[in-house]
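Chain by chain, the residues run as shown.
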Protein chains: 2
Amino acid sequence: MKKKIIIVGGVAGGATTAARLRRLDEDSQIIMFEKGEHISFANCGLPYYIGGVIEKREKLFVQTVEGMSSKFNMDIRNLSEVIKINREKKTVSVKNLRTGEIYDESYDYLVLSPGARPVIPSIPGIDTANNLLTLRNVKDTDAIKNFIDDNKPEKAVVIGGGFIGVEMAENLHELGIKVTLIEMANQILAPFDFEMASILHKSMIEKGLKLILEDGVQSFENNGTKVILNSGKEIDTDLIILAIGVRPESELAADCGLEIGPRGHIIVNEYLETSDPSIYAIGDAIEVLDYINGKPTAIPLAWPANRQGRIVANNIYGKKEKYKGTLGTSVVKVFDFTAASTGNNEKTLKRIGIHDYEVIHIHPGSHAGYYPGASQISLKLIFDKKSGKIYGAQAIGKNGVDKRIDVIATAIKGGLTVLDLPDLELAYAPPYSSAKDPVNMAGYVASNIIENAVETIQWYEIDKIVENGGFLVDVRNPGELKLGFIKGAVNIPLPELRNRLNELPKDQTIYVYCQVGLRGYLAARILTLNGFKAVNLDGGWKTYS
Amino acid sequence: MKKKIIIVGGVAGGATTAARLRRLDEDSQIIMFEKGEHISFANCGLPYYIGGVIEKREKLFVQTVEGMSSKFNMDIRNLSEVIKINREKKTVSVKNLRTGEIYDESYDYLVLSPGARPVIPSIPGIDTANNLLTLRNVKDTDAIKNFIDDNKPEKAVVIGGGFIGVEMAENLHELGIKVTLIEMANQILAPFDFEMASILHKSMIEKGLKLILEDGVQSFENNGTKVILNSGKEIDTDLIILAIGVRPESELAADCGLEIGPRGHIIVNEYLETSDPSIYAIGDAIEVLDYINGKPTAIPLAWPANRQGRIVANNIYGKKEKYKGTLGTSVVKVFDFTAASTGNNEKTLKRIGIHDYEVIHIHPGSHAGYYPGASQISLKLIFDKKSGKIYGAQAIGKNGVDKRIDVIATAIKGGLTVLDLPDLELAYAPPYSSAKDPVNMAGYVASNIIENAVETIQWYEIDKIVENGGFLVDVRNPGELKLGFIKGAVNIPLPELRNRLNELPKDQTIYVYCQVGLRGYLAARILTLNGFKAVNLDGGWKTYS
Ligand SMILES: Cc1cc2nc3c(=O)[nH]c(=O)nc-3n(C[C@H](O)[C@H](O)[C@H](O)COP(=O)(O)OP(=O)(O)OC[C@H]3O[C@@H](n4cnc5c(N)ncnc54)[C@H](O)[C@@H]3O)c2cc1C
Ligand SMILES: Cc1cc2nc3c(=O)[nH]c(=O)nc-3n(C[C@H](O)[C@H](O)[C@H](O)COP(=O)(O)OP(=O)(O)OC[C@H]3O[C@@H](n4cnc5c(N)ncnc54)[C@H](O)[C@@H]3O)c2cc1C
Ligand SMILES: CC(C)(COP(=O)(O)OP(=O)(O)OC[C@H]1O[C@@H](n2cnc3c(N)ncnc32)[C@H](O)[C@@H]1OP(=O)(O)O)[C@@H](O)C(=O)NCCC(=O)NCCS
Ligand SMILES: CC(C)(COP(=O)(O)OP(=O)(O)OC[C@H]1O[C@@H](n2cnc3c(N)ncnc32)[C@H](O)[C@@H]1OP(=O)(O)O)[C@@H](O)C(=O)NCCC(=O)NCCS
Ligand SMILES: [Ca+2]
Ligand SMILES: [Ca+2]
């Protein structure tokens, strides 16, 4: 039987569903409603178009209404807002935004991919701040671009240090605008833990950005040309980008009685069906299960939206395919750095009550050090000490970061543990990697913890230990101490350690550290095998500092 | 009990074993013999040092005899050749190459990591070709570098299109030398199948290299300044690099009666023990099992040598760790291109009698097309049509190639099939990937074959089909035909297809193709769903051409 399928939202999730539906059936009637002017545009490219990295506006349009309609033989109605779902009648009410006309359209299946919209809190002065803009779609993009062209702002404030805030800060900075980034938390980019995000903080400040952490906006004054912070700080600005997060576009779904989650997301089952089996929902608007910990979460990214769109199309055609949850793999460019992560971070694990995890930090080269162009990758791996299960990974560096996170994300999906990472046979030639790839190395270092070859402590624990009289040895060469060192440490370079064991107390734990953790590990092995109790500072000076 | 361990060979496998042994036990006596002057050098960097990419010779030395001896408290004897293994006495006879002195040294465990040496066939004139050099170690490197400095060769011939031959050809070319590369087979780089290697052939020729395929050297004349080929061609040259492969350094092992394989490799079990349980062997000298097909093979690469070294050290300390076989993941830079592969190629599968595999070729962008700098990746995936088991993958392109092969290598180790590749949640932001990563896309395209959504034929099948009266439709836009087209094709652009179905025969298979395979797939779906029998040309014009 010929099916009539209505899709609400014509971008990442919606357009993907529509395309796949047509490939499954030539006869079905597919109507895609999009309230904006544009369908199938590159949301993710918007900040880079504003920054001039993407030069041509037309590049943002992956498909046009005309092109997609003809290629896929579908009925695409832009500037058409679905304003009501009438579940009993299986119709939607649609408002033609060109004419104001309202009409009903019936469906056999309804797919909701309405996305999310920027959170706009009711801060005093926000209504009169006419230099305050948000970024979600092409219209917003045009507005920001026009504002910049017309007003040539010298100073901008970006509120919110999430992906979009950080990308906007970079792109405005590249336009020559002096940017202040304000973030309420003690770090930008929530998927990273603090010590990892700190690498980015440093680099952004070096680039000339002003970074204000642990502070929020109290009010806007003078039509938004003055931003007053909770701390009392006042910032003059010509432009404000508000990017403190998104909230799901779930009013339509809520109004017709579909089940909605605690933070406003549409609830779906593993087949992506809402509480009404004729209605599917996908993308930024839905709640998903966290692939690692199985708990509900919401991860507004493009991969899930695209993946879910294809699954829903299949399920409408009877496939009963499951969406297996979202890992949250993500990546962002921050000036010269790439920051990527997958799975859960420490903050998440603690929040859900998992505390008995282990962490390692390593700082290997992106490729063999003797081949030019290698740079350091800071790679953090979080895992269960008993099973070796990988909880998550974070990496930051100038090259090869996305590769290592993709490999670990794949390992997770393959059910591999940290004990399997040394066994990944990855491609090696000097321009690309080392004979032991950083992911192999992370596997070795993690395995050593599981196999009790070494005990480690974390960067945030060592100061207290030294304060309480802990014995700390810096095993770097004397020349390296000018990079900075931990107060209270005795310097015994690794090559001298075996001959100077008599300088060390037998009745006390010896804490050791080096630059990145490797020599500390070697020292810890020497000490342990010589009958001392030794503990290595994970990640060395690099992570500590 | 204190163990005495002797290691033969002080570079990739040997040095790794030694380092790990020390980390497992402070008391064992470790003696590492190396017949060359240098231990622990960067074999893989040698071509790039010759080419001047690596500027400083000292960069090649990862560890020195002095440094490693003191850091790891071991007895490292360079310029010391082990000339005999006396298994009953558990001693080796060693020749001090400085003094000529020969002495015996006893062992509890012996680890052989003697590597391999360049194959030097007895071609007429080779003995008097004093401009003919091979490349394996630092001495060879110095010889080539000195030859170039002293003789300023204008022309060079590289014999052999394997990794080392290709890297040397590139590096000599970059020095301004006119290079001719001669290869006996119809393609360079055996890990790739012909149509993939062809991409590299084209690019090398464009760079100005002379590439001679399917021809071998018959003789050298005039002290190597003239190379005569089997075809009768004569080439004048100032320098010859011979790089037609390596043979295992297994004479020591053979002489003392250890089991040796059909191509001269040392045979080991899964614990890397030779036929004598006190003797382990690793690296280029051993036969391993192919991870994909389980058959014996030999894969002389650095990752296996390093991995095996660590496993052997563990096993000497009672761990009973298994080496699980070698996938053969590899990567090589060829001018602006990166070429990487993992697992088995078609040639290998055919050779071992597997013929019922499926192949797909796709040509996605390295990252989102709207973000600058994206380039095309040619990605080939070979898999079992029934189970979806991944046999192997090959990729060639300018960016992001190593990442995709590493992801697929990881998927293989995780036991994932092509049906799981769409579900890999990989990091996406415009500078790095697309919302559907190329690996996801390969998974979708392969899944469609398994699920019989589309039937495909390969680039080498289509000409014959058209010859025999097959009906072929080119679904590209008329403007694209100037890129080249397949003779005998009718042009019906995809957007017009639905309205022109009446032009197509109902009683005949319709073969379709486009530029890269995507629109061909869309056309095939339209045709199939409209009751035609349709077959898509896998990889489109791009792979065919
Ligand atoms: C600036 C920016 C940068 C981003 N960068 C990245 C990135 O680098 N990587 C990444 O993974 N993700 C990124 N994202 C997130 C990604 O774009 C989203 O996760 C994805 O687009 C979600 O798909 P969706 O279909 O749920 O929503 P959308 O793609 O937003 O589509 C929803 C559409 O539905 C329409 N709609 C809503 N309600 C109605 C209605 N009632 N009637 C008709 N139409 C309606 C909306 O107008 C909208 O166009 C970025 C997002 C933005 C805004
Ligand atoms: C030019 C070049 C480029 C390469 N590029 C790459 C690459 O990009 N990627 C990659 O994965 N692999 C590459 N390789 C291969 C890689 O270097 C080898 O696979 C790896 O070194 C093998 O390790 P091994 O320990 O078995 O042998 P080796 O590292 O060669 O070490 C063996 C050592 O044993 C010594 N020895 C032998 N017999 C005796 C004896 N009787 N007594 C004392 N000493 C002895 C030899 O002198 C030698 O130094 C390259 C190799 C070369 C030559
Ligand atoms: C582009 C868009 C309309 C989706 O279209 P789509 O047709 O599903 O996706 P693609 O063009 O990538 O093509 C994928 C299809 O082609 C097939 N395909 C791709 N390359 C192929 C090849 N070389 N040979 C054969 N088939 C191929 C795939 O198998 C897949 O088909 P399937 O789903 O039936 O298996 C939708 O993703 C979109 O609107 N994107 C822009 C918005 C967005 O994603 N924003 C967030 C990121 S900025
Ligand atoms: C360098 C060489 C001597 C091996 O030394 P190695 O000590 O095994 O290797 P690395 O220096 O990479 O260190 C790895 C060890 O340090 C540990 N480690 C690495 N980084 C660490 C960190 N940040 N914190 C704690 N431990 C760390 C690893 O766990 C591993 O120890 P383990 O094996 O006991 O688990 C040997 O590989 C060699 O000679 N290489 C050059 C030749 C070569 O490989 N050629 C082919 C490629 S060009
Ligand atoms: Ca610990
Ligand atoms: Ca086929």
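Data block above holds the structure.
Residues numbered from 1 in each chain as written. Chains lettered and ligands numbered in written order. Predicted model: local features only at pLDDT ≥ 70, side-chain atom pairs only at ≥ 80, totals over all residues. Heavy atoms only, no water.

J.: Give me the lowdown on the overall build of chain A, citing residues and values where you can.
T.: The number of helices and strands found in chain A is 15 helices and 30 strands. The C-alpha radius of gyration of chain A comes to 27 Å, within 12% of the 24 Å expected for a compact globule of 545 residues. Its C-alpha atoms give chain A principal-axis dimensions of about 90 × 55 × 45 Å. In chain A, which comprises 545 residues, the proportion classed as buried is 63%. In chain A, 61% of the contacts between residues at least 6 apart in sequence involve partners at least 24 apart. Element-wise, carbon and sulfur atoms account for 49% of the exposed surface of chain A, whose accessible area totals about 20,700 Å². Positive and negative side-chain charges of chain A, numbering 63 and 67 respectively, have mean locations separated by a distance of 3 Å. (Helix = DSSP H or I, 4+ residues; strand = E, 2+ residues; numbered from the N terminus. Rg over C-alpha atoms; globule rule 2.2 N^0.38 Å. Buried < 20%, exposed > 50% of the residue type's maximum accessible area, 1.4 Å probe, protein only. Contact = heavy atoms within 4.5 Å. Areas by Shrake-Rupley, 256 points an atom, 1.4 Å probe, with all protein chains shown as cover. Lys, Arg positive; Asp, Glu negative; His and termini not counted. Charge placed at Lys NZ, Arg CZ, Asp CG, Glu CD.)

J.: Provide a residue-level description of the sheet that holds strand 13 (residues 217–221) of chain B, including the pertinent values.
T.: Residues and elements named next belong to chain B. Strand order in the open sheet made by the three strands is 13-14-15, with antiparallel pairing throughout. In this open sheet, the two edge strands, each paired with only one partner strand, are strand 13 and strand 15 (234–236). Here the average twist between neighbouring strands, direction ignored, is 20°. Strand direction decides the pairing type here: strand 14 (residues 226–229) and strand 15, joined by three bridges, are antiparallel. For Val227, the partnering residue across the bridge sits in strand 15 and is Ile235. (Pairing = 2+ DSSP bridges. Axes fitted to C-alpha atoms, helices over the stretch in contact; angles between N-to-C directions.)

J.: Which residues make up the interface of chain B and chain A, and what values go with them?
T.: Facing the 76 residues of chain B at the interface are 76 residues of chain A. For the pair chain B and chain A, the two sides together bury roughly 7,200 Å², of which 56% comes from carbon and sulfur. Contact with chain A buries area across many residues of chain B, yet B:Trp303, B:Tyr370 and B:Glu425 alone supply 12% of it, more than any other trio. At the junction of chain B with chain A, the criterion picks out twelve salt bridges. (Buried area = accessible area lost by both parts, 1.4 Å probe. Salt bridge = Lys/Arg side-chain N within 4 Å of Asp/Glu carboxyl O.)

J.: Residue-level account of the site of ligand 1, with values.
T.: Inspection of the region around ligand 1 gives 30 residues, with A:Gly13, A:Glu34, A:Ser113, A:Arg136 and A:Asp284 positioned closest. More than a single chain frames ligand 1: its nearby residues are located in chains A and B. Between A:Pro300 and ligand 1, the recorded distance is 3.3 Å, taken from a backbone N or O atom to an oxygen atom. Between ligand 1 and A:Leu301 there is a distance of 3.1 Å, counted from an oxygen atom to a backbone nitrogen or oxygen. Looking at the shell around ligand 1, the elements with two or more residues in it are helix 1 (12–24), strand 4 (80–86) and helix 8 (302–316) of chain A. Of the residues that constitute the shell around ligand 1, the class distribution is 18 nonpolar, seven polar and five charged. (Near = heavy atom within 4 Å. Polar contact = N/O pair within 3.5 Å; in protein donor to acceptor, adjacent residues only side chain to side chain. Nonpolar A, V, L, I, M, F, W, Y, C, P; charged D, E, K, R; others polar.)

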